[in-house]
Amino acid sequence: MAKHEHVRVAVIGSGFGGIGAAVRLRREGITDFVVLERADSVGGAWRDNSYPGCACDVPSHLYSFSFAPNPDWPRTFSGQRHIRAYLEHVTDTFGIRPHLRLNHEVLEARWDAEALRWEIETSGGTFSAEVLVSAAGPLSDPKIPDVPGLADFPGKVFHSARWDHDYDLRGKRVAMVGTGASAIQIVPEIQREVGRLTLFQRTPPWVMPRMDRAISGVERRLHRALPVTATLRRGVLWGIRELQVGAFTKHPGELGLVERLAKANIARSVKDPELRARLTPSYRIGCKRILLSNTYYPALTRPNVDVVASGLREVRGSTAVAADGTEAEVDAIVFGTGFHVTEIPIAERVIGAEGHTLAESWKDGVQVLRGATAGGFPNLMMIIGPNTGLGNSSMILMIESQLNYMADYLRQLNVLGGRAALAVRPSAVNAWNRKVQSRMERTVWKAGGCDSWYLDANGRNTTLWPGTTAEFRRETRQVDLSEYEVIRAPRTAPAERRTPKKKETAQ
């Protein structure tokens, strides 16, 4: 039988959020922790997404930890291979390997109200922890739509986040379903080798030029010799994006100029007016994430590519059928249809103080305090929680803010002493979410005229943060104990943990 292990902190996931949490714990002097990872290596989304052309749309020097700068980024926008290597490097540099528990998928985490700890069952053994940190991330579990007839399709089917590198696409008839960030990177890569590519486009994205280039050896040597130059570069990149936030969150009308530039980008690459019309969105730019590519539009003009301005409705044998009735004979179907973002799959496995899952507690809508803590789930912290996503900048900035909050949360528990837990007050959660959702109403994500993966089934944006990263850092600098109830362990320990008194011996 696998042994049971008790730790002070258990972290779920080893992407940027999980590795960042592990580093911060060690820097706070906490070494009694584990990182539970379902896969056989670290990396999170940058391990799972290995599709052709996979790269980041945030500049490299901003898409990295402030405490672990990398002077040797090869390009201004780095690819998946280099980002994954960076996370492996951080893991080694900060001594995280001994804390990793790879191939340990969390099956259930249940709050023990008497012992004031989390009981965790994984595929590799059981654990208990005083504090549970969920860094599973919103881009963890791929979403494949329930398409009638898909189960009987005789060809190959896979999601962009589970790319089948053993399947040879050369000469094949391929259907690409979806036009999000993954699809616009995949299409130009596979178009060159497939026999025919049919793109099923439910909604066209806005695509801007990608200002990517190789970082010269001179620049890299300068960053190594004078680290302050890399810090300055990061600061400039951050500042530019902070200045852009107001257009997204307060004054969507200011995005009109950007929209005109995006239309000019389409016109430069797509000369066919009919195709150009199909590729031009009808919603305000920024309502969905603005995508970056220099090769997407040119690829769509090639003779072996068909753009179907409609989503995939059904599959009949080897025939993919769009909602507008367009049919295409295909050998393979690749889904670039995103992830379970607003549903948060890990929520189905976390059981709180009242005996129900986090998902059940959110049946009327996801609600947390400061993107981190949920009512009814004491000593549970979230990294990249609800309403912490960004539409124009680096998520690493938000992660580091949440790590500040996590660190202060643990300090508060230290100050309380003994066996104690913090349970967020429902009134604090409600007040925070009313403020966030009120601010969300005037953002381009709500007022831009699109239906995006940012929105839940009720039309609420539970994904993005409606402000600057600097503002979020201020909001998460420290824990406000007035927003929490302090829970103390019962004076009498549970029966199974009670230590029997020694019998007195008669004299």
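Residues numbered from 1 in each chain as written. Predicted model: local features only at pLDDT ≥ 70, side-chain atom pairs only at ≥ 80, totals over all residues. Heavy atoms only, no water.

Q: I'd like a rundown of the sheet that holds strand S14 (residues 319-322), residues and numbers included.
A: The strands making up a sheet associate through hydrogen bonds between their backbones, and the pairing can be parallel or antiparallel. Taken in spatial order, the three strands line up as S13-S14-S15 in an open sheet, and their pairing is antiparallel. Among the strands making up the open sheet, the edge pair consists of strand S13 (312-316) and strand S15 (327-329). With strand direction ignored, the average angle separating the axes of adjacent strands in the sheet is 25°. Of the pairings in the sheet, the one linking S13 to S14 comprises four bridges and is antiparallel in character. Each bridged residue has a counterpart across the sheet, and for Glu314 the counterpart in S14 is Val321. (Pairing = 2+ DSSP bridges. Helix = DSSP H or I, 4+ residues; strand = E, 2+ residues; numbered from the N terminus. Axes fitted to C-alpha atoms, helices over the stretch in contact; angles between N-to-C directions.)

Q: So what's going on with the layout of surface pockets? Which residues, and what values?
A: Roughly 680 Å³ of volume is contained in the second largest pocket. Elements represented by at least two residues in the lining of the second largest pocket include exactly helix H6 (227-249) and helix H7 (256-269). Broken down by element, the residue count for the lining of the second largest pocket peaks at eight residues, all from H6. Looking at the lining of the second largest pocket residue by residue, the classes come out as 17 nonpolar, six polar and five charged. (1 Å grid on protein atoms, 1.4 Å probe; cavity = no way out; pocket = protein on both sides within 12 Å on 5 of 7 lines; lining within 4 Å. Points joined across faces, edges and corners; volume = space filled by probe spheres on them. Nonpolar A, V, L, I, M, F, W, Y, C, P; charged D, E, K, R; others polar.)

Q: Any chance you could break down the environment of Val207 for me, citing the residues and the numbers?
A: If you trace the backbone, Val207 turns up in strand S10 (residues 207-208). Judged by relative accessible area, Val207 falls into the buried class, the value being 0%. Taking the C-alpha atoms as reference points, Val207 and Gly149, separated by 58 residues in sequence, lie 32 Å from one another. Apart from residues no more than four positions distant in its own chain, Val207 is found in contact with Ala262, Asn265, Leu291, Leu292, Ser293, Tyr296 and Tyr297. (Buried < 20%, exposed > 50% of the residue type's maximum accessible area, 1.4 Å probe, protein only. Contact = heavy atoms within 4.5 Å.)

Q: Residues and numbers for the packing of helix H1 (residues 16-27) against helix H11 (residues 395-416), please.
A: For the pair H1 and H11, interaxial distance at closest approach is 10 Å and the crossing angle is 40°. With respect to each other, H1 and H11 are oriented oblique. The two elements H1 and H11 meet at a crossing, and its hand is right-handed. Residues Phe16, Gly17, Gly20, Ala21, Arg24 and Leu25 of H1 form the contact with H11, whose own contacting residues are Ile396, Ile399, Leu403, Asn404, Met406, Ala407, Leu410 and Arg411. (Parallel < 35°, antiparallel > 145°, perpendicular 65-115°, else oblique. Left-handed = near helix turned anticlockwise from the far one by under 90°.)

Q: Break down the pattern of salt bridges for me, with residues and values.
A: In the structure shown here, the tally under the stated rule is 36 salt bridges. Two residues, Glu189 and Arg192, come together in a salt bridge whose shortest N-O distance is 3.2 Å. The class of Glu189 is partly exposed, set by a relative accessible area of 32%. Judged by relative accessible area, Arg192 falls into the exposed class, the value being 59%. Between Glu483 and Arg370 there is a salt bridge, with its nearest N and O atoms 2.8 Å apart. You can see Glu483 sitting in the loop between helix H14 (469-475) and strand S20 (484-488) and its partner Arg370 sitting in the loop between helix H10 (358-361) and strand S18 (380-382), a full 113 residues away along the chain. Both residues of the pair, Glu483 and Arg370, belong to the buried class. Three or more residues are tied together by salt bridges with common partners; here these are Arg24, Glu28, Asp408 and Arg411. (Salt bridge = Lys/Arg side-chain N within 4 Å of Asp/Glu carboxyl O.)

Q: For the pairing of strand S6 (residues 125-134), give the residues involved together with the corresponding values.
A: For S6, a buried count of eight out of 10 residues is recorded, marking the element as mostly surrounded by other parts of the structure. Where strand S1 (residues 4-12) and S6 come together, eight bridges link them in parallel fashion. Across the sheet, the residue bridging to His6 is Ser128, located in S6. In terms of strand pairing, S6 meets S18 through three bridges, oriented parallel. Residue Leu132 lies in a different strand from S18, and its bridge partner there is Leu380.

Q: How would you sum up the nonpolar core? Please name residues and give values.
A: Grouped together as the largest cluster of nonpolar side chains are 105 residues, with contacts concentrated most on Phe16 and Phe65. In this structure, Phe65 is in contact with Phe16, Gly20, Tyr86, Leu87, Val90, Arg234, Ile396, Ile399 and Glu400, ignoring residues within four places of it in sequence. Core analysis: the next-biggest nonpolar cluster, separate from the first, contains 29 residues, Ala10, Val106, Trp118 and Ile346 among them. (Core = buried A, V, L, I, M, F, W, Y, C linked by side-chain atoms within 4.5 Å.)

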